[in-house]
Amino acid sequence: MQNSEEQEYRVRKLEISDKGKGFVELLQQLSVCDSVSDKEFEDRFRELSALGDDHVIGVIEDEASGKIIATGSVFIEKKFLRNCGKVGHIEDVVVDSSTRGKHLGKRIINFLTEHARSMGCYKVILDCSVENKAFYEKCGFQDKSVQMAMYFV
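Residues numbered from 1 in each chain as written. Predicted model: local features only at pLDDT ≥ 70, side-chain atom pairs only at ≥ 80, totals over all residues. Heavy atoms only, no water.

### A word on the overall build of the chain
Then, in step 1: The helix and strand inventory of the chain stands at 6 helices and 5 strands.
Then, in step 2: Listing each helix as α and each strand as β along the chain from the N terminus yields α-β-α-α-β-β-α-β-α-β-α.
Then, in step 3: Its C-alpha radius of gyration of 16 Å places the chain within 12% of the 15 Å reference for a compact globule of 153 residues.
Then, in step 4: Each of the three principal axes of the chain carries a C-alpha extent, and together these read 45 × 35 × 30 Å. (Helix = DSSP H or I, 4+ residues; strand = E, 2+ residues; numbered from the N terminus. Rg over C-alpha atoms; globule rule 2.2 N^0.38 Å.)

This is the structure:
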């Protein structure tokens, strides 16, 4: 039997109705995320859904308020290395500022890493800020290399 907090903060896959539950506004707490029209959201949702288990977005909905309060995604990269292995890439992890400290980020990370494991990935990787390094270490990640980026916009 789950306790009430576990039921209240269950991780599930993103649903098309989650736009109306504050999903885009939550992403705005993480990075630049301009307004997304209903059509744009629906089109991107269907595009990602067509990828099946190769791209999964997990969310936690606060059952009391009906708002999405945590999210993260994982996509599966298929490689030739490691005997045609697979790598999970975790992206866009954010917990609503009003609900931090309740281990919701860890729940999201566990959901995403277990999905990568179930897909046969030999590792799962992510990039994070220096400020978030300790959090990810608590989730079992190790400092591995240097992140590099080239932005086009």
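Structure shown, so let's carry the discussion forward.
### Notes on helix α5 (residues 104-118)
Then, in step 1: Between its first and last C-alpha, α5 extends 21 Å over 15 residues, near the 21 Å set by a 1.5 Å rise per residue.
Then, in step 2: Of the surrounding elements, those touching the buried residues of α5 are β1 (11-13), β2 (55-62), β3 (67-78), β4 (86-95), β5 (123-126) and α6 (133-138).
Then, in step 3: Phi turns positive, to about 85 degrees, at Gly120, one or two residues after α5. (Expected span 1.5 Å × (residues − 1). Contact = heavy atoms within 4.5 Å.)

### Regarding the layout of surface pockets
Then, in step 1: Approximately 1,700 Å³ is the volume found for the largest pocket.
Then, in step 2: Counting residues per element, the ones that place at least two in the lining of the largest pocket are α2 (23-27), α3 (38-49), β2, β3, β4, α5 and α6.
Then, in step 3: With 6 residues, the top contributor of residues to the lining of the largest pocket is β4.
Then, in step 4: Its residues assigned to classes, the lining of the largest pocket shows 25 nonpolar, 13 polar and 10 charged. (1 Å grid on protein atoms, 1.4 Å probe; cavity = no way out; pocket = protein on both sides within 12 Å on 5 of 7 lines; lining within 4 Å. Points joined across faces, edges and corners; volume = space filled by probe spheres on them. Nonpolar A, V, L, I, M, F, W, Y, C, P; charged D, E, K, R; others polar.)

### Thoughts on the pattern of salt bridges
Then, in step 1: Summed over all chains, the structure comprises 15 salt bridges.
Then, in step 2: Notably, a salt bridge pairs Asp143 with Lys133, separated by 3.6 Å at the nearest N-O pair. Of this pair, Asp143 sits in the segment after α6 while Lys133 sits in helix α6, placing them 10 residues apart in sequence.
Then, in step 3: Members of the salt-bridge network, linked through shared partners, are Arg12, Glu15, Asp18, Lys21 and Glu61. (Salt bridge = Lys/Arg side-chain N within 4 Å of Asp/Glu carboxyl O.)

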